[in-house]
Amino acid sequence: MPHARRSSWFVAERGDEPETGPDGGDPMPPNLAQSSLNSLTVGVLVLDGDDHPVLANPAAREMGLIRSASDAHAIVRTLAGQTRRSGVTRVVELDIPRANSDAEPLGVHVRAVDIGGGYVAVEAADVTEAHRVARVRRDFVANVSHELKTPVGALQLLSEALQDALNGGDPDAEAVTRFADRIRHESARLSRLVTELLELSKVQGADPLPDPEPCSVDRIVAEVIDRSRTASAAKDIEIKVLGDRGLVVYGNEGQLVTAVANLVENAVAYSPEGTRVEVEVGSGDEAVSLVVRDEGIGIEARDLDRIFERFYRADRARSRQTGGTGLGLAIVKHIATNHGGRVDVTSTVGKGSTFTLRLPSRSSEQG
């Protein structure tokens, strides 16, 4: 096996006499080099000429870069071998599968350096979160592109069909009306999608509200009912307000109106005609709860954990019919989080759903 010249790493690990300090001063404490390595959050690993680890700090072990005292991860061994043969420092980013195959892969930024004598030093930084954010961004762009493509394509086809109907010499009034209605529907869907994308971008980028203002819950609910009146009247759905009056929450009133309105609009959209939607207000434990309860189609149990994801739709066919964008509940979740609250859901298929938005009833400045 080739041997590199002894470094302070190996001296410290073997317990030899400590080296003198800088300028011949006081000797360095024993194991200083190893203690320094152990304190690093980056993984550091040294492989010998046979790709056996001769030095590793705890971060390298936690990352899974070594599987045992004599076995480095196969990807690390391959990278070390390439570096040893070429003598060129290699810098790569990898997704390394974890021992638990269901877990998210470990994203690592790896730098491998030939330090002579067959030894290769490997430095690895955990960039899993950066990789996750990059994937989320790519997925978001792909989803936005797909969602925009649908109504834009529909508008193009409908406008062409309408033009053909008008250029036929004897326009079919029924066809013209039908195409015009569909254009209006798709235009409204496109407008809502753009509006909600902007709203989601705003609430996602917001830090927790630094200066929350007292907001009247009565005023928030009244504004929501007014916004929902046209849609509820069209389906003969009664919106009933129950519970306490005169309560106050802290935050941004515009965002809170948006959150509650999204819940009520969903309840109306996914409920049959002639049913009832309840908005119940309550208080306790320094929090105010706004409960939106409907008698609609309900949500399957398998979908409950995912309905707050962007663009996720439990019933895609029904969402297309109602003009849903799949962003409304994601907006609600982010607004709740920004206000130090949360949103929960319970549902029974065929009987309805209950969404509960809980918000602080006192400012964080009040303790």
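Model, not experiment: these values are computed from the prediction.

Calculation rules
- Residues numbered from 1 in each chain as written.
- Predicted model: local features only at pLDDT ≥ 70, side-chain atom pairs only at ≥ 80, totals over all residues.
- Heavy atoms only, no water.
- Helix = DSSP H or I, 4+ residues; strand = E, 2+ residues; numbered from the N terminus.
- Buried < 20%, exposed > 50% of the residue type's maximum accessible area, 1.4 Å probe, protein only.
- Contact = heavy atoms within 4.5 Å.
- Areas by Shrake-Rupley, 256 points an atom, 1.4 Å probe, with all protein chains shown as cover.
- Expected span 1.5 Å × (residues − 1).
- Bend = angle between axes of the 7 residues up to and from the residue.
- Polar contact = N/O pair within 3.5 Å; in protein donor to acceptor, adjacent residues only side chain to side chain.
- Pairing = 2+ DSSP bridges.
- Axes fitted to C-alpha atoms, helices over the stretch in contact; angles between N-to-C directions.
- pLDDT = per-residue confidence, 0-100.
- Left-handed = near helix turned anticlockwise from the far one by under 90°.
- Nonpolar A, V, L, I, M, F, W, Y, C, P; charged D, E, K, R; others polar.
- Core = buried A, V, L, I, M, F, W, Y, C linked by side-chain atoms within 4.5 Å.
- Salt bridge = Lys/Arg side-chain N within 4 Å of Asp/Glu carboxyl O.

Student: Provide a residue-level description of the overall build of the protein chain, including the pertinent values.
Tutor: Summing up its helical and strand segments, the protein chain has 10 helices and 14 strands in all. For the protein chain, the proportion of its 367 residues judged to be buried stands at 39%. Taking contacts inside the protein chain between residues at least 6 apart in sequence as the whole, the part at least 24 apart equals 61%. If you sum the accessible surface of the protein chain, you get close to 20300 Å²; carbon and sulfur atoms cover 50% of it.

Student: Before we move on, can you summarise the side chain of Thr275 with the specific residues and values?
Tutor: Secondary-structure assignment places Thr275 in the loop between helix H8 (253-269) and strand E11 (276-284). Residue classification places Thr275 among the buried residues on the basis of a relative accessible area of 13%. Leave out the neighbours within four places in its chain, and Thr275 touches Asp236, Ile237, Glu238 and Glu295.

Student: Break down helix H7 (residues 217-234) for me, citing the residues and quoting the values.
Tutor: Relative to the 26 Å expected for 18 residues at 1.5 Å per residue, H7 spans 26 Å between its end C-alpha atoms, a close match to the ideal helical length. Along H7, the helix axis deviates most sharply at Ser228, where the bend reaches about 50°. In this fold, the buried residues of H7 make contact with strand E8 (213-216), strand E9 (238-243), strand E10 (248-251), H8, E11 and strand E12 (287-293). Here H7 starts with a cap whose side-chain oxygen sits 3.4 Å from the backbone nitrogen of Asp218, and that cap is Ser216. The first or second residue beyond H7 is Asp236, which carries a positive phi of 55°.

Student: Explain the sheet that holds E11 to me, and be specific about the residues and the numbers.
Tutor: If you trace the 5 strands from one edge of the open sheet to the other, you get E9-E11-E12-E14-E13, paired in mixed fashion. Since the sheet does not close on itself, it has two edges, and those belong to E9 and strand E13 (342-348), each with one partner. Strand-to-strand twist in this sheet, taken as the mean axis angle between neighbours without regard to direction, amounts to 15°. Bridge count between E9 and E11: 6 bridges; the pairing is parallel. Across the sheet, the residue bridging to Val241 is Val279, located in E11. Of the strands in this sheet, E13 and strand E14 (352-360) are in contact with helix H10 (residues 328-338), which crosses E13 at around 140°.

Student: Account for unusual backbone geometry, with residues named and values stated.
Tutor: Located in the positive-phi region is Asp51, a residue other than glycine, with phi close to 65°. Tracing the sequence through the fold places Asp51 in the loop between strand E1 (43-47) and strand E2 (53-56). Positive phi outside glycine occurs at Asp236, with the angle close to 55°. For Asp236, the location among the structural elements is in the loop between H7 and E9.

Student: I'd like to hear about the confidence of the model for the protein chain, residue by residue, with values.
Tutor: Mean pLDDT for the protein chain: 79, with 78% of residues reaching 70 or above. Note that pLDDT drops below 50 for residues 1-18; the model gives that stretch 36 contacts with residues more than four away or on any other chain.

Student: Quick rundown of the packing of H7 against H8? Include the residues and the values.
Tutor: Interhelical geometry of H7 versus H8 gives an angle of 35° and a closest axis separation of 9 Å. Between H7 and H8 lies a crossing whose hand is right-handed. Every residue of H8 that contacts H7 at Arg219, Ile220, Glu223, Val224, Arg227, Ser228, Ala231 and Ser232 is listed here: Glu253, Leu256, Val257, Thr258, Val260, Ala261, Val264, Glu265 and Val268. Among the residues making up the contact of H7 with H8, the classes are represented as 9 nonpolar, 3 polar and 5 charged.

Student: So what's going on with the side chain of Ser232? Residues and values would help.
Tutor: Here Ser232 is to be found in helix H7. Once you skip the residues sitting within four places of it in the chain, Ser232 turns out to touch Ile237, Ile239 and Val268.

Student: An account of the nonpolar core is needed here, citing residue identities and associated values.
Tutor: Grouped burial of nonpolar side chains is what soluble globular proteins tend to show. Ranked by internal contacts, the top residues of the largest apolar core, which has 46 residues, are Val217, Val249, Val264, Leu290, Ile307, Phe355 and Leu357. When contributions to this core are tallied by element, the ones reaching two or more residues are helix H6 (173-205), H7, H8, E11, E12, H10, E13 and E14. No other element matches the 9 residues that H8 contributes to this core. Filtering out sequence-adjacent residues up to four positions away, Ile307 remains in contact with Ile299, Tyr312, Leu329, Val345 and Phe355.

Student: Provide a residue-level description of the pattern of salt bridges, including the pertinent values.
Tutor: If you walk through the whole model with that rule in mind, you get 12 salt bridges. Put simply, Arg84 and Asp51 hold a salt bridge, and the shortest N to O gap is 2.9 Å. Of this pair, Arg84 sits in helix H4 (residues 74-86) while Asp51 sits in the loop between E1 and E2, and the two are 33 residues apart along the sequence. Among the salt bridges present, the one from Asp344 reaches Arg358, with a minimum N-O distance of 2.7 Å. Here the residue Asp344 occupies a position in strand E13, and Arg358 occupies one in strand E14, the gap between them amounting to 14 residues. What you see here is one network of salt bridges that share partners, running through Arg276, Glu278, Glu280 and Arg293.

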